[in-house]
Amino acid sequence: MSYSTIVVGSGISGLSAAIVLAKHGRRPLVLEAHNIPGGCMQMFQRRGPDGRVVRFDTGVHYVGSLYPGQIMWRLLNYMGAEVPTMPLDRECFDRISFPGSEFCVPVGWDNVAAALKRECPDEPSAIEAYVAKMQQVEQSLNWHVLDAEVEGAYDRELYETSLQALLDQLSVSPRLRSLICAQSSLYAVSAANVPLAIHAAVVGSAIEGPHYVVGGGDAITNPLVARLRELGGELRTRAPVRRVLVDGDATRGVELATGEVIEAEEVIVATHPRTALGMIPEDSYRSVLRKRMADAEECVGAFVVYGTLDASADLTGVSARNHYLLRDADPDCFYDPQLDDPADAIVNLPPPVNGGPQLFSAMGSARMEWFGRWQESKTLKRDAGYTALKNRLTGNIMRMIEQRIPQLSGKLHVVDASTPLTLRDYVGYPQGGIYGLQPGMNSQGRNGIRRRTRYRGLYLGGAGTGTPGILGACVTGFAVAGAILGTDELIREVRGATD
Ligand SMILES: Cc1cc2nc3c(=O)[nH]c(=O)nc-3n(C[C@H](O)[C@H](O)[C@H](O)COP(=O)(O)OP(=O)(O)OC[C@H]3O[C@@H](n4cnc5c(N)ncnc54)[C@H](O)[C@@H]3O)c2cc1C
């Protein structure tokens, strides 16, 4: 078999890049190390308390920009993937719960502005300036507005100004600061370190089009894989790539861990950037760039509790929204390195599928160091001490849910929990960081990872080369395909095909 392009990694980035190239007559082969495709979109199953098998999501709790005409909807449509979705509550898709107070984030920037003004009536000008800035930033992200004209018009300020700097400049009160920063777990960087471009892209897409994917990650992965095959592309699982092969200045293909060599003129590595660095020739990037990539900080990890709800649970005012249970009103509390417990949690209640039970997940931040004792151990083979630690952390999160969402008290049944080690072992993120590398000031914009390398035909994709999340990762897949096919042409084509 001969392939035009090898894509390493079958997350949404790798699959999107492969589908776009296949649509243009290329013959891509996607190689995935794991035994199932999807990366962070993969699901896993456990027996629920009634003995029935239930399937849980890893990394698809909700996805933004999914109303018809919005960017995520367009990218999926362009690829020809039919993904069932359900909008979250328009009045309150993210309920932010602080001790003693709460705030509902509604859909749409205008509604957010109105809600913030109700909470902070003395700060209308700062609120208007903040919202106007966010909308302006979003309008300058060419893939988000599918505007080929702005391609290349790279605005350094958006990547070199932090959210905190903007809030300082607007002299916002501590309360307003907390409300604005409360959703920062969507990118896992503190306000002082997140570029405006990342905050606007990630929080903005959630604010404008928050949807559940009905059926979870499988409901994205399966149609994408089917579409790839329909277009003549291929996917091989259990195919870990050891290294990318080059010949002179050109890419030659890859060598698998088994020693098998597969040739292709183009290779796209769409894994965690640190994994990619270990696979590509050392001189693929200038040494300064390589060092910056090697030194880039990892995101904090996640501790996630998974379970089911009693059929008798009253979900009025609770379902169709995420519940951000925050320890206090400090906007950076989610990332406090002193924490030795998941002090905050995001509770997600995906819509039940095919008459199955109502599921929940509750995700708190967690540091790999907490699990240092088990670094050398293998998944599903860890000792009783690991289980005891998981149980303790689970207990803390469950107590927080029972206090802050009293309707769910006594109705929750824990099925399992995952740690940063789980993410390391199943998705290949070396430090189990929730979004891989931190999308902070020193790894974005001018400091960002380049898609092109010094080798003809060798490219990097994946969320770590752009914006975290399903949308951000999907955009990197399109962007890397654009680097091969012509970015402006591809943007125009996507716009034309989905208008
Ligand atoms: C707990 C959690 C919750 C999340 N919740 C949300 C959410 O609600 N909404 C949202 O939008 N985003 C969420 N995300 C983020 C989102 O899921 C990811 O940012 C996105 O899926 C990353 O896609 P990707 O294609 O960049 O990479 P990945 O999905 O990481 O895929 C990379 C793939 O490369 C493979 N690979 C690695 N090394 C090799 C090798 N040597 N050879 C072959 N294959 C290899 C891996 O096995 C993996 O399958 C969440 C993530 C996590 C972890």
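Residues numbered from 1 in each chain as written. Predicted model: local features only at pLDDT ≥ 70, side-chain atom pairs only at ≥ 80, totals over all residues.

Caption draft 1: Representation of the overall build of the protein chain in the model. Helix and strand content of the protein chain: 16 helices and 19 strands. Against the 2.2 N^0.38 benchmark of 23 Å for 499 residues, the protein chain shows a C-alpha radius of gyration of 22 Å, consistent with a compact globule. Viewed in the frame of its principal axes, the protein chain has a C-alpha envelope of about 65 × 55 × 40 Å. Evaluated residue by residue, the protein chain yields a buried proportion of 52% over its 499 residues. Within the protein chain, contacts between residues at least 6 apart in sequence are counted, and of these 73% link residues at least 24 apart. (Helix = DSSP H or I, 4+ residues; strand = E, 2+ residues; numbered from the N terminus. Rg over C-alpha atoms; globule rule 2.2 N^0.38 Å. Buried ≥ 20, exposed ≤ 12 C-beta atoms within 10 Å, placed from the backbone. Contact = placed C-beta atoms within 7 Å.)

Caption draft 2: Focus on the packing of helix 4 (residues 124–139) against helix 9 (residues 196–208). Between helix 4 and helix 9, the shortest axis-to-axis distance is 9 Å and the interhelical angle comes to 90 degrees. As the angle between them shows, helix 4 and helix 9 are arranged roughly perpendicular. Here helix 4 contributes Met134, Val137 and Glu138 to the contact with helix 9, which in turn contributes Leu196, Ala197, Ala200, Ala201 and Gly204. When its residues are assigned to classes, the contact of helix 4 with helix 9 shows six nonpolar, one polar and one charged. (Axes fitted to C-alpha atoms, helices over the stretch in contact; angles between N-to-C directions. Parallel < 35°, antiparallel > 145°, perpendicular 65-115°, else oblique. Nonpolar A, V, L, I, M, F, W, Y, C, P; charged D, E, K, R; others polar.)

Caption draft 3: Geometry of the site of the ligand. Among the 40 residues in the neighbourhood of the ligand, the closest are listed as Gly9, Gly11, Gly39, Gly59 and His61. Contributing elements (two or more residues each) for the shell around the ligand: helix 1 (12–23), strand 14 (301–309), helix 14 (420–427) and helix 15 (470–485). Of the residues assigned to the shell around the ligand, the class counts are 24 nonpolar, 15 polar and one charged. A domain-level breakdown of the shell around the ligand finds at least three residues from each of domain 1 (5–41 + 63–85 + 214–296 + 437–498) and domain 3 (300–434). (Near = placed C-beta within 6 Å. Domains from an automatic or database assignment.)

Caption draft 4: How the structure looks around the sheet that holds strand 15 (residues 322–325). The mixed open sheet is built from seven strands, whose spatial order is 7-6-15-16-17-14-18. Single-partner strands in this sheet number two, and they are strand 7 (101–105) and strand 18 (412–418). If you compare each strand with its neighbour and ignore which way they point, the axes differ by 20 degrees on average. (Pairing = 2+ DSSP bridges.)

Caption draft 5: Main features of the environment of Ala276. Summarising the element assignment, Ala276 is placed in helix 11 (residues 273–277). Under the C-beta neighbour-count criterion, Ala276 is labelled buried, with 25 such atoms within 10 Å. A C-alpha to C-alpha distance of 7.7 Å links Ala276 and Leu460, two positions 184 residues apart in sequence. Once residues lying within four places of it in the same chain are set aside, the contact partners of Ala276 are Val269, Thr271 and Leu460.

Caption draft 6: The arrangement of the pairing of strand 15 in detail. The alternating pattern of strand 15 places Asn322 and Tyr324 and His323 and Leu325 on opposite faces, both of which are buried. Examined bridge by bridge, strand 6 (residues 94–98) and strand 15 share four bridges and lie parallel to one another. Note that in strand 15 the partner of Ser97 across the bridge is Leu325. As paired strands, strand 15 and strand 16 (residues 345–348) are joined by three bridges and run antiparallel to one another. Counted as the bridge partner of Leu325 is Ala345 from strand 16.

Caption draft 7: Region of the structure containing the domain arrangement of the protein chain. Once the domains are mapped, the protein chain shows domain 1 (5–41 + 63–85 + 214–296 + 437–498), domain 2 (106–207) and domain 3 (300–434). Relative placement of domain 1 and domain 2: their C-alpha centres are 27 Å apart. Counting residues at the interface gives 25 residues for domain 1, matched by 23 residues for domain 2. Among the elements of the structure, helix 2 (71–79), helix 15 and helix 16 (487–498) are those that each provide at least two residues to the side of domain 1 that touches domain 2. Examining the composition of the side of domain 1 that touches domain 2, we find that six residues originate from one element, helix 16, more than from any other. Split into classes, the residues belonging to the side of domain 1 that touches domain 2 amount to 10 nonpolar, 10 polar and five charged.

Caption draft 8: Up close: helix 1. Over its 12 residues, helix 1 runs 16 Å from end to end, which matches the ideal 16 Å to within 8%, given 1.5 Å per residue. What helix 1 keeps buried is the set Ile12, Ser13, Gly14, Leu15, Ser16, Ala17, Ala18, Ile19, Val20, Leu21, Ala22 and Lys23. Of the surrounding elements, those touching the buried residues of helix 1 are strand 1 (5–8), strand 2 (28–31), helix 2, helix 10 (218–230), strand 13 (266–269) and helix 15. Backbone geometry just downstream of helix 1 places Gly25 in the positive-phi region, at approximately 85 degrees. (Expected span 1.5 Å × (residues − 1).)

Caption draft 9: A look at the environment of Leu277. Summarising the element assignment, Leu277 is placed in helix 11. Overall, Leu277 belongs to the partly exposed group, with 18 C-beta atoms counted inside 10 Å. Separated by 134 residues in the primary sequence, Leu277 and Trp143 place their C-alpha atoms 26 Å from one another. With near-sequence residues (within four places) excluded, Leu277 lies in contact with Arg290, Met293 and Ala294.

Caption draft 10: Looking closely at the environment of Arg404. With respect to the secondary-structure elements, Arg404 resides in helix 13 (residues 384–404). Judged by C-beta crowding, with 20 C-beta atoms within 10 Å, Arg404 ranks as buried. In sequence terms Arg404 and Leu166 are 238 residues apart; their C-alpha atoms lie 31 Å from each other. Those residues within four positions of Arg404 in sequence are excluded, and the remaining contacts are Ser97 and Leu325.

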